[in-house]
Amino acid sequence: MKSVLIARRLSRFFKSPIFLNSDRFIAPNVQISEALYTSLQWRNNSSFCAHSPLFNGTHSEIEQCALSKRTLPRANFSSKASIVEGSPTEAVKELYDQIVQSVAVKRTMSPNAWLWSLIENCKNHDDVKLLFDALENLRRFRMSNLRIPDNFNSNLCREVTKTCARVGALDFGKRALRKHNVHGLTPSIGSAHQLLLYAKENNDAKLMVEIMELLEKNDLPLQPGTADIVFGICYNTDNWSLMTKYSKKFIKAGVKLRQTSFDVLMEFASKIGDVESLRIIEKSRSESMKNHTLSTGFSCAKGCLLERKPEAAATIIQVLNQDLPEAKKSSIMVELQKLVTEWPVEVIKRQKEETKKELAASLQTDIPAMINALGNMGLEASVNMEDLTGKEGIPS
């Protein structure tokens with residue numbers, strides 16, 4: 001009796017149909033559409049569906065069957081798209097479908113214009129989600145069908161990250177900066193700048209830090225333009241500790257800072273009263289640049305005042321006045337008025353409580369002395385010399 005039961009079970013087992021694929025056996029409970037698409041992906045033959053005994057539908061039904069792969073589990077070198085949720089715009093959805101149908105059904109590379117149009121038409125986060133899914137599909141097709149292992153060029157990556165910043169899809173933008181990614185993107189410092197500019201526009205120091213970490217992890221070289229953006233963010237968010245941290249990183253990396261970067265560094269240092277940092281930055285600046293700008297010159301003058309050297313401060317301003325073009329000399333008086341009426345309040349409020357009165361007293365003496373010295377040098381300073389003692393924010 002036992003042997004009879006075993007024989008019946010074996011009989012039922014061998015009666016169960018098994019379909020043979022070039023890569024694997026497909027059990028009867030697997031959906032026909034998956035079996036069909038798996039056969040397509042390995043045979044690379046789009047006409048196979050029409051003659052396969054597994055499917056007897058029309059050509060349009062076959063295409064629909066192949067497109068249904070998006071909801072199936074991922075297979076090797078599959079061109080299937082991942083499940084995409086949300087509300088993408090119609091223009092993007094239409095372009096996305098065209099790209100996927102081209103590589104998944106017709107087995108041909110889609111025109112480049114479709115991808116560029118998809119990038120330009122992205123309006124929201126869900127659009128970008130489709131964009132990255134399309135890129136992943138295109139990369140698989142290039143590798144499995146065209147035998148092109150290389151990523152897309154860096155220009156494409158820059159435009160993709162620019163789009164991510166434009167619509168606020170920062171998670172995808174940061175993904176584009178990884179040198180190992182499934183989307184075929186080639187990260188570059190130009191791509192990172194698109195996200196850093198977004199951080200600057202939104203005064204987002206946290207995002208800046210995240211991007212700088214990605215640059216380091218993915219071996220993207222720092223550039224002078226990177227420093228300009230990063231220092232601008234630090235200045236706008238009033239974060240001197242981040243400013244000093246990244247200035248050291250740029251110098252260590254051998255980045256040749258632009259004049260604009262020195263302007264921001266020195267202005268910030270003079271604003272907070274950090275004379276030592278101001279001296280170090282000025283030494284670095286003087287090694288690569290001969291003349292001062294209006295900003296670096298007045299920053300040095302403020303440093304001299306902090307060191308109780310009003311005559312030296314006057315000399316710097318006098319030399320600056322001689323070096324500047326005639327059209328810019330009127331700016332000297334504007335900056336001088338700011339030095340007299342705005343800067344003392346700013347620098348004093350950032351000092352320790354026990355040193356505020358001492359600094360206020362020294363500035364009340366040294367700023368008028370500097371103005372007098374300028375007059376003796378032939379530069380008449382027509383500024384409003386109101387009594388600093390009673391000025392709001394300055395302790396008496």
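Here's what I pulled together on the structure shown here.

1. Here we look at the overall build of the protein
Along its length, the protein carries 20 helices and two strands. The proportion of buried residues among the 396 residues of the protein is 45%. When the accessible surface of the protein is totalled, it reaches about 20,800 Å², and 52% of it is carbon and sulfur.

2. A short note on helix α13 (residues 240–252)
Relative to the 18 Å expected for 13 residues at 1.5 Å per residue, α13 spans 18 Å between its end C-alpha atoms, a close match to the ideal helical length. Among the residues making up α13, those that are buried are Trp240, Leu242, Met243, Tyr246, Ser247 and Phe250. The arc that holds every buried residue of α13, seen down its axis, measures 150 degrees, which confines them to one face. Residues Ser241, Lys248 and Lys252 are exposed on α13 and point more than 90 degrees away from its buried face. Along its buried surface, α13 packs onto α11 (205–217), α12 (224–236), α14 (259–272) and α15 (275–288). Two residues or fewer after α13 comes Gly254, characterised by a positive phi angle close to 80 degrees.

3. A word on the pattern of salt bridges
Evaluated as defined, the whole model comprises 18 salt bridges. Among the ionic pairs, Glu307 bridges to Arg279, the shortest N-O distance being 2.3 Å. A residue pair is termed long-range when its members are at least 10 positions apart, and Glu307 in the loop between α16 (294–306) and α17 (310–323) and Arg279 in helix α15 qualify at 28 residues. Note on Arg279: relative accessible area 42%, which makes it partly exposed. Between Lys283 and Glu287 there is a salt bridge, with the nearest N and O atoms lying 3.0 Å from each other. Of this pair, Lys283 and Glu287 both sit in helix α15, four residues apart, which is roughly one turn of the helix. Neither Lys283 nor Glu287 differs from the other in exposure class; each is exposed. Through salt bridges with shared partners, a single network forms among Asp238, Glu346, Lys349 and Arg350.

4. Digging into the nonpolar core
One finds Met208, Ile211, Val230, Phe231, Tyr246, Phe250 and Leu257 to be the most contacted residues of the largest nonpolar core, which totals 40 residues. Elements with a contribution of two residues or more to this core: α10 (189–201), α11, α12, α13, α14 and α15. If sequence neighbours within four positions are ignored, Leu257 has contacts with Ala227, Phe231, Phe250, Phe262, Leu265 and Met289. Core analysis: the second largest hydrophobic core is formed by 30 residues, Val92, Tyr96, Val103 and Phe172 among them.

5. Focus on helix α6 (residues 112–121)
For α6, the set of buried residues is Leu115, Leu118 and Ile119. Projected down its long axis, α6 carries its buried residues within an arc of 100 degrees, all on one side. Facing away from the buried surface of α6 by more than 90 degrees, the exposed residues are Ala113 and Glu120. Residues of α6 that are buried sit in contact with α5 (90–104), α7 (125–144) and α8 (154–167).

6. Notes on the packing of α14 against α16
Contact pair α14 / α16: the axes reach a minimum separation of 9 Å and the direction vectors enclose 25 degrees. Between α14 and α16, the angle falls in the class roughly parallel. Crossing geometry of α14 relative to α16 is assigned as left-handed. In this structure, α14 uses Gln259, Phe262, Asp263, Met266, Glu267 and Ser270 to contact α16, whose residues at the interface are Ser295, Thr296, Ser299, Cys300, Lys302 and Leu306. Per-class residue counts for the contact of α14 with α16 are four nonpolar, five polar and three charged.

7. What to know about the packing of α10 against α11
Where α10 contacts α11, the two axes come as close as 9 Å, and the packing angle between them is 170 degrees. Taken as axis vectors, α10 and α11 run roughly antiparallel relative to one another. Contacts between α10 and α11 pair Ile189, Ala192, Leu195, Leu196, Tyr198 and Ala199 from the former with Leu207, Met208, Ile211 and Leu215 from the latter. Grouping the constituent residues of the contact of α10 with α11 by class yields 10 nonpolar, no polar and no charged.

8. A word on the packing of aromatic side chains
Scanning the entire structure with this criterion turns up four aromatic pairs. For the pair Trp240 and Phe268, a centre-to-centre distance of 5.1 Å together with 65 degrees between the ring planes defines the contact as edge-to-face. Here Trp240, found in helix α13, pairs with Phe268, found in helix α14; they are 28 residues apart in sequence, far enough to count as distant. You can call Trp240 buried: its relative accessible area is 15%. Three or more aromatic residues joined by ring pairs make a cluster, and in this case those are Tyr235, Trp240 and Phe268. When the ring centre of Phe268 is taken as reference, the NZ or CZ atom of Lys271 above it lies at 5.0 Å.

9. Here's the deal with the environment of Leu115
Considering the arrangement of structural elements, one finds Leu115 in helix α6. Assessed through its relative accessible area of 8%, Leu115 is described here as buried. On a C-alpha basis, the gap between Leu115 and Tyr96 in space is 8.3 Å, while along the polypeptide they are 19 residues apart. Non-local contacts of Leu115, meaning those with residues more than four positions away in its chain, are made with Ile99, Leu131, Leu135, Leu138 and Leu156.

10. A closer look at the state of the cysteines
Enumeration according to the criterion identifies zero disulfides in this entry. Summary of cysteine pairing: Cys164 is not part of a disulfide, and the nearest cysteine sulfur, belonging to Cys122, is at 7.9 Å. Owing to a relative accessible area of 0%, Cys164 belongs among the buried residues under this scheme.

Reading guide: rules and limits
Residues numbered from 1 in each chain as written. Predicted model: local features only at pLDDT ≥ 70, side-chain atom pairs only at ≥ 80, totals over all residues. Heavy atoms only, no water. Helix = DSSP H or I, 4+ residues; strand = E, 2+ residues; numbered from the N terminus. Buried < 20%, exposed > 50% of the residue type's maximum accessible area, 1.4 Å probe, protein only. Areas by Shrake-Rupley, 256 points an atom, 1.4 Å probe, with all protein chains shown as cover. Expected span 1.5 Å × (residues − 1). Arc of directions from axis to C-beta. Contact = heavy atoms within 4.5 Å. Salt bridge = Lys/Arg side-chain N within 4 Å of Asp/Glu carboxyl O. Core = buried A, V, L, I, M, F, W, Y, C linked by side-chain atoms within 4.5 Å. Axes fitted to C-alpha atoms, helices over the stretch in contact; angles between N-to-C directions. Parallel < 35°, antiparallel > 145°, perpendicular 65-115°, else oblique. Left-handed = near helix turned anticlockwise from the far one by under 90°. Nonpolar A, V, L, I, M, F, W, Y, C, P; charged D, E, K, R; others polar. Phe/Tyr/Trp six-rings, centres within 6.5 Å; stacked < 30°, edge-to-face > 60°. Lys NZ or Arg CZ within 6 Å of the ring centre and 35° of its normal. Disulfide = S-S within 2.5 Å.

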